[in-house]
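# Report on the structure
One letter stands for each residue in the lines below.
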Amino acid sequence: MLVRDNRVVTDILSELAWRGLIAQSTDIDALRNELSKPPLSVYCGFDPTAASLHVGHLVPLLILRRFQLAGHRPIALAGGATGMIGDPSGRSSERVLQTMEVIADNVRHISRQLARFLEFTEGDSEAGPTSAQLANNLDWLAPMSAIGFLRDLGKHFPVNAMLAKDSVRSRLDAGGLSYTEFSYMVLQSFDFLELFRREGCVLQVGGSDQWGNITAGIDLIRRVEGRSAHGLTVPLVTSATGEKFGKSTGGGSLWLDPAMTSPYAFYQYWINADDRDVEQYLKMLTFLTRPEVDEVVAESAERPHARIGQRRLARELTTLVHGSEETAAVEKASAALFGNSELAALDERTLASALTEIPRLDVDPEAEPSMVELLTGTGLYSSRGEARRAAAQGGVYLNNVKVTDVDVPVASDAWLHGRFLVLRHGKRRLAAVARGAVDVGRARDTG
């Protein structure tokens, strides 16, 4: 049973279906029967292609968490070996292979992230039946010889069956793939077999682009062990505008590591979500119950300009990824930047982090610029005349205080923490000024 705040959902598969989290399943009725006898071991793999997971990984990662809450045992696998090969699924070209040192460092980083979302047995306590486990496929793939790979594994994979997989066929149609990538399916299949043997794992979950790899592993277990196993995939999420899920406004991934995507930028991504996406994201990415989601959706429909759904989504996900204290800090910063509270009340780190996400002008610490110089230098206005006219009309703000005379130097005591100014045109257009470059590492350090 899935328990959250004393509220119970008795069927995990029905829960996943309502949330739109089932794309494909091998035999849903047989899987439901297996799930009726908890705990069942379920795994999902995450290749260390970067030093952090991104929000695209959240959907399958939270699937593991949902299974754990339902009384089952999650296994999060960091692909220390498969990360050296590169999964061709969902790609039009081959990955650039990384060094073993980089991959090992990435494994350390993402293993710490995986551990934050699942419940593990602490210290020397005996592991419970639903205690999560971290695994690394380098442990069993590294000792395997090339001869062993070909004799013991390769003989179970008919080439014609591999060529029929969508992940392989699409790459062949796009221009081909190397034998290195072609072998990825065999390695991932062996992961499933090894976890079946070691941990009694009978279910693998992943994105829908992993369907071919998952079913190949199920077939390998059937061929080698004469036993059945299960696979379940989740949809690959896209926005209502067709954009790839989890891409920031700058085009890069939205990372879970605060040093790569600041908590403020993470929060703002969800605040700016399209109205058409909010209900889907609330279902797929949060642990809100059906009545809670329905209530948020209804309130959003009644007051669409209040962005109730986006605010709830941003709060839930930022808390999930970065913690409640960081969420409170970024909400405070967001309110302050847009004039709803005092900017001076923000601590320096929170303010500095928020200001890295808006247009910023760095000035010499000894300079004494006028407002009009800063308004044009930040790009808020294209000319001094335009800035002066906006000020005369009451549309220019310095640290949330209206400014009408923009030709005088900025007062020395206006610099927040002695370093920052926040300029605003109207309600939404923002720019920052910093004395010297902002130390982004310090600004984003969460301790």
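The coordinates are above.
In short, a report on the structure.

On to the overall build of the protein chain, then. When helices and strands are tallied, the protein chain shows 20 helices and 13 strands. C-alpha atoms of the protein chain, sized along the principal axes, occupy 80 × 50 × 45 Å. Within the protein chain, buried positions represent 49% of all 447 residues. Taking the contacts inside the protein chain whose residues are at least 6 apart along the sequence as the reference set, 72% of them involve residues at least 24 apart.

Now for the packing of aromatic side chains. A full pass over the atoms with the stated rule returns four aromatic pairs. Between Phe266 and Trp270, the ring centres sit 5.9 Å apart and the planes meet at 70°, which makes this aromatic pair edge-to-face. Taken together, the residues Phe266 and Trp270, both in helix 12 (residues 263–271) and four residues apart, mark about one turn of the helix. Across this residue pair, the class does not change: Phe266 and Trp270 are buried.

Right, let's talk about the environment of Pro263 for a bit. Of note, Pro263 is situated in helix 12. Taking the relative accessible area as the measure of exposure, Pro263 reaches 2% and is therefore buried. Separated by 59 residues in the primary sequence, Pro263 and His322 place their C-alpha atoms 6.9 Å from one another. Residues in contact with Pro263, not counting those within four places in the same chain, are Pro258, Thr318, His322, Glu326 and Val330.

Sheet architecture is open: five strands sit in the order 9-13-12-10-11, paired in mixed fashion. At either margin of the open sheet sits one strand with a lone partner, and together these are strand 9 (360–363) and strand 11 (401–402). Sheet topology places strand 9 next to strand 13 (residues 429–435); four bridges connect them, and they run parallel. By the bridge assignment for strand 13, Asp362 is matched with Ala434. Packing against the sheet, helix 17 (residues 348–355) makes contact with strand 9, strand 12 (420–425) and strand 13, and its axis sits at approximately 45° to strand 12.

Along the chain, Ser131 turns up in the loop between helix 4 (100–117) and strand 6 (133–136). Within the structure, the side chain of Ser131 is placed 2.9 Å from the backbone nitrogen of Gly128, a separation counted as a polar contact. Those residues in contact with Ser131 that sit more than four places away from it in its chain are Gln68, Arg73, Pro74, Glu119 and Thr121.

With that settled, the discussion passes to the sheet that holds strand 3 (residues 24–25). Strand order across the open sheet formed by six strands is 3-8-7-4-5-6, with mixed pairing between neighbours. Looking at the sheet topology across the chains shown, the edges are occupied by strand 3 and strand 6. Two strands pair when backbone bridges link them, and strand 4 (residues 41–46) and strand 5 (residues 73–78) are joined in this way by six bridges, in the parallel orientation. Looking at strand 5, one finds that Phe46 is bridged to Ala78. Against the sheet, helix 2 (residues 28–35) contacts strand 3, strand 7 (203–207) and strand 8 (230–234), and its axis sits at roughly 105° relative to strand 8. Here helix 11 (residues 211–225) sits on the sheet in contact with strand 3, strand 7 and strand 8, set at roughly 170° to strand 8.

Before going further, it helps to examine the environment of Glu225. Considering the arrangement of structural elements, one finds Glu225 in helix 11. Between the alpha carbons of Glu225 and Arg197 there is a distance of 9.0 Å; along the sequence they are 28 residues apart. In this view, Glu225 contacts Leu193, Phe196, Arg197 and Leu220; residues no more than four positions away in its chain are not counted.

A word on the nonpolar core. Counting residues in each nonpolar core, the largest one holds 107 residues, and the members touching the most others are Leu58, Phe67, Val205, Trp270, Leu285 and Leu337. The dominant element in this core, judged by the number of residues it contributes, is helix 10 (residues 184–199), at nine residues. The contacts of Val205, once residues within four sequence positions are left out, are Val42, Tyr43, Cys44, Ile63, Leu64, Phe67, Ile214 and Leu232. Ranked by size, the runner-up nonpolar core spans 21 residues in total, among them Leu374, Leu398, Trp415 and Leu421.

We now examine the packing of helix 13 (residues 275–285) against helix 14 (residues 290–302). Their axes nearest at 10 Å, the elements helix 13 and helix 14 cross at an angle of 160°. By the criterion of interaxial angle, the relationship of helix 13 to helix 14 is roughly antiparallel. At the point where helix 13 passes helix 14, the crossing takes the right-handed sense. For the pair formed by helix 13 and helix 14, the contact residues are Glu279, Leu282 and Lys283 on the first element and Val293, Val296 and Val297 on the second. Residue composition of the contact of helix 13 with helix 14, by class: four nonpolar, no polar and two charged.

Cut-offs used in this document
Residues numbered from 1 in each chain as written. Predicted model: local features only at pLDDT ≥ 70, side-chain atom pairs only at ≥ 80, totals over all residues. Heavy atoms only, no water. Helix = DSSP H or I, 4+ residues; strand = E, 2+ residues; numbered from the N terminus. Buried < 20%, exposed > 50% of the residue type's maximum accessible area, 1.4 Å probe, protein only. Contact = heavy atoms within 4.5 Å. Phe/Tyr/Trp six-rings, centres within 6.5 Å; stacked < 30°, edge-to-face > 60°. Pairing = 2+ DSSP bridges. Axes fitted to C-alpha atoms, helices over the stretch in contact; angles between N-to-C directions. Polar contact = N/O pair within 3.5 Å; in protein donor to acceptor, adjacent residues only side chain to side chain. Core = buried A, V, L, I, M, F, W, Y, C linked by side-chain atoms within 4.5 Å. Parallel < 35°, antiparallel > 145°, perpendicular 65-115°, else oblique. Left-handed = near helix turned anticlockwise from the far one by under 90°. Nonpolar A, V, L, I, M, F, W, Y, C, P; charged D, E, K, R; others polar.

Purely geometric numbers; function is a separate question.
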